[in-house]
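# Commentary on secondary and tertiary structure
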Amino acid sequence: MTTAIIGTGNIGGTLARHLVRGGESVVLAAKDEANAAALAQELGELARAASVEEAIAEADAVVFAVWLDTIKELIATDARLLENKVVVDPSNPLGFDEGGQMIRTLPEGQSAGSLIAALLPAGAHYVKAFGTLGADALASAANREPQSAVLFYATDDDTAATTIERLIHAAGFEPLKAGGVADAGRIEMPGGDLHQAGLNGALLDLDEARAAVAAQRSE
Ligand SMILES: NC(=O)c1ccc[n+]([C@@H]2O[C@H](COP(=O)([O-])OP(=O)(O)OC[C@H]3O[C@@H](n4cnc5c(N)ncnc54)[C@H](OP(=O)(O)O)[C@@H]3O)[C@@H](O)[C@H]2O)c1
């Protein structure tokens, strides 16, 4: 299996390092191909760099580790290439105003996940994942002991669920399904009760995470 990681910044670069450490093959793309090439060289023989289109075409799973507006642009350009691929979306509906303050970029109640899932071709396998922790925590909490930290995911698709569980394990975390695409907002920020920011910064183990998923459902 090959995973394309589009974007090699805070999230994409961290994920690429974790997945290669976990034995996964990755193909990396960025806006500036030189950035992807430098990271691929650092990571060795399980990693290579390519253009966005080449990376998507040769991968089984595609992680869009870019900002929400860029994901929308790339899907519009490359929709055809995404048929039959698992599409992993870590985005949050966040931007910055002129004063540099973080702002929500979608209306309350609309998740980035529901927006992206609706833009994909019918044959793509969508899953929201890898955006539930801040980038620093994602980098430092892999292979936590004695109990792995959980990464939540949300999907309606069994193929996507199987693939993301493999990738989350390979990255050094414990996967837990938070729900379907309709629940994606629970694992996004701002506002998601299962996002690290909604958990006061906590990283949960599996028992704690199961309880947190059930808590709001039972309210
Ligand atoms: N940072 C966090 O703590 C955090 C946490 C959870 C979720 N997220 C989400 O994760 C996503 C990525 O965030 P980030 O912090 O990793 O962003 P980032 O550090 O700014 O990195 C963005 C990456 O996107 C690449 N890129 C930009 N336009 C592109 C294009 N047209 N084609 C291909 N690649 C393109 C950039 O390429 P270059 O390197 O060539 O510029 C860069 O590698 C966002 O949706 C964000 O909401 C972030």
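Please refer to the structure placed before this passage.
These numbers come from a predicted model, not from an experiment. (Residues numbered from 1 in each chain as written. Predicted model: local features only at pLDDT ≥ 70, side-chain atom pairs only at ≥ 80, totals over all residues. Heavy atoms only, no water.)

### What about the overall build of the chain?
Keep this limit in mind: Only DSSP runs of H or I reaching four residues or more are called helices, and only runs of E reaching two or more are called strands; each is numbered from the N terminus. The globule rule is 2.2 Å times the number of residues to the power 0.38, and the radius of gyration it is compared with is taken over C-alpha atoms. When a residue's accessible area, from a 1.4 Å probe over protein chains only, is under 20% of the maximum for its type it is buried; when over 50% it is exposed; and in between it is partly exposed.
In terms of helices and strands, the chain carries eight helices and ten strands. For 219 residues, the compact-globule estimate of 2.2 N^0.38 gives 17 Å, and the C-alpha radius of gyration of the chain, at 16 Å, lies within 12% of that figure. Projected onto its principal axes, the C-alpha positions of the chain cover 45 × 40 × 40 Å. Sorting the 219 residues of the chain into buried and exposed places 54% on the buried side.

### A look at the site of the ligand
Our working rule: Near, as used in this document, describes a residue that has one of its heavy atoms within 4 Å of the molecule or strand being considered. Think of a polar contact as two N or O atoms within 3.5 Å of one another; within protein, one of them needs to be a possible hydrogen donor and the other a possible acceptor, and neighboring residues in sequence only count if both atoms come from side chains. Per-residue and other accessible areas were derived by the Shrake-Rupley procedure at a 1.4 Å probe size, with only the shown protein chains allowed to occlude residues. Note on residue classes: Ala, Val, Leu, Ile, Met, Phe, Trp, Tyr, Cys and Pro are nonpolar, Asp, Glu, Lys and Arg are charged, and everything else, Gly too, is polar.
The environment of the ligand is formed by 23 residues, the closest being Thr 8, Ile 11, Asp 32, Val 66 and Ala 135. The backbone of Thr 8 places a nitrogen or oxygen atom 2.8 Å from an oxygen atom of the ligand. Backbone polar atom of Ile 11 to an oxygen atom of the ligand: 2.8 Å apart, as the coordinates give it. Alone, the ligand offers 900 Å² of accessible surface; in the complex the protein occludes 79% of this. Looking at the shell around the ligand, its residues break down into eleven nonpolar, ten polar and two charged.

### Digging into a negative patch on the surface
Quick note on the threshold: Residues form patches when they are more than 30% accessible in relative terms and have no salt bridge. Like charges link within 9 Å. Nonpolar side chains (Val, Leu, Ile, Met, Phe, Trp, Tyr) link within 5 Å. By definition here, a salt bridge exists when the distance from a side-chain nitrogen of Lys or Arg to a carboxyl oxygen of Asp or Glu is within 4 Å. Under this rule, positive means Lys or Arg and negative means Asp or Glu; His and the chain ends count for nothing. Charged groups are reduced to one reference atom each: NZ for lysine, CZ for arginine, CG for aspartic acid, CD for glutamic acid.
On the surface, a cluster of negative charge is made up of Asp 32, Glu 33, Glu 53 and Glu 54. One can find Glu 53 in helix H3 (residues 52-58).

### Observations regarding the nonpolar core
What counts, and what does not: Remark: nonpolar core denotes a set of buried residues (Ala, Val, Leu, Ile, Met, Phe, Trp, Tyr, Cys) joined through side-chain atoms within 4.5 Å. Should any heavy atoms of two residues lie within 4.5 Å, those residues are counted as being in contact.
In terms of nonpolar packing, the biggest core is built from 38 residues, with Ile 5, Leu 28, Phe 130 and Phe 173 touching the most fellow members. Among the elements that line this core, the one with the most residues is helix H7 (residues 158-170), at six residues. Ignoring sequence-local partners within four residues, the contact set of Phe 173 consists of His 18, Leu 133, Leu 138, Ala 141, Ala 142, Ser 148, Ala 149, Leu 151 and Ile 168. Core analysis: the second largest hydrophobic core is formed by 27 residues, Ala 50, Phe 64, Ile 116 and Val 181 among them.

### Details of the packing of helix H4 (residues 68-78) against helix H5 (residues 112-119)
Note the following rule: Orientation is described by lines fitted to C-alpha atoms, with helices fitted over the stretch in contact, and by angles between N-to-C directions that extend from 0 to 180 degrees. The cut-offs work like this: below 35 degrees is roughly parallel, past 145 is roughly antiparallel, 65 to 115 is roughly perpendicular, and the gaps in between are oblique.
Interhelical geometry of H4 versus H5 gives an angle of 10° and a closest axis separation of 10 Å. When the axis of H4 is compared with that of H5, the two are roughly parallel. Where H4 abuts H5, its residues Leu 68, Ile 71, Lys 72 and Ile 75 lie against Ala 112, Leu 115, Ile 116 and Leu 119. Here the contact of H4 with H5 is built from residues that sort into seven nonpolar, no polar and one charged.

### Points about a nonpolar patch on the surface
Together, Trp 67, Phe 96 and Met 102 line one region of the surface with nonpolar side chains, adding up to about 380 Å² of accessible area. Mapping Met 102 onto the fold places it in strand S7 (residues 102-104).

### Here's the deal with the sheet that holds strand S8 (residues 125-129)
What counts is decided by this rule: If DSSP finds at least two bridges between two strands, the strands pair.
With mixed pairing, eight strands are arranged side by side in an open sheet as S3-S2-S1-S4-S5-S8-S9-S10. The open sheet is flanked by strand S3 (47-49) and strand S10 (174-179), the only strands paired with a single partner. Direction aside, neighbouring strands of the sheet carry axes that sit 25° apart on average. Relative to S10, strand S9 (residues 150-154) is paired through five bridges, and the arrangement is parallel. The partner of Val 150 across the bridge, within S10, is Glu 174. This element, H5, spans strand S5 (86-89) and S8 of the sheet and lies at about 160° to S8. Taken strand by strand, H7 contacts strand S1 (2-6), strand S4 (61-64), S5, S8, S9 and S10, and its axis lies near 40° from that of S8.

### Concerning H5
The condition that has to hold: Taking the helix axis as origin, the arc is that swept by the directions to the C-beta atoms.
Looking only at H5, the buried set comprises Ala 112, Gly 113, Leu 115 and Ile 116. Take H5 and look down its axis: the buried residues cluster within an arc of 160°, on one side only. Buried residues in H5 make contact with H4, S5 and S8.

### Some points on H7
Put simply, the rule is: Expected span of a helix: the number of residues minus one, times 1.5 Å.
For H7, which comprises 13 residues, the first-to-last C-alpha distance of 18 Å matches the rise-based estimate of 18 Å (1.5 Å per residue) to within 8%. Among all positions of H7, only Ala 160, Ala 161, Thr 163, Ile 164, Leu 167, Ile 168 and Ala 170 are buried.

### Overview of unusual backbone geometry
The amide bond that connects Glu 145 to the next residue, Pro 146, takes the cis arrangement and shows omega of 5°. Its place among the elements puts Pro 146 in the loop between helix H6 (135-140) and S9. Cis geometry marks the peptide bond from Met 189 to Pro 190, where omega comes out at 5°. One non-glycine residue, Asn 143, lies in positive phi territory at about 55°.

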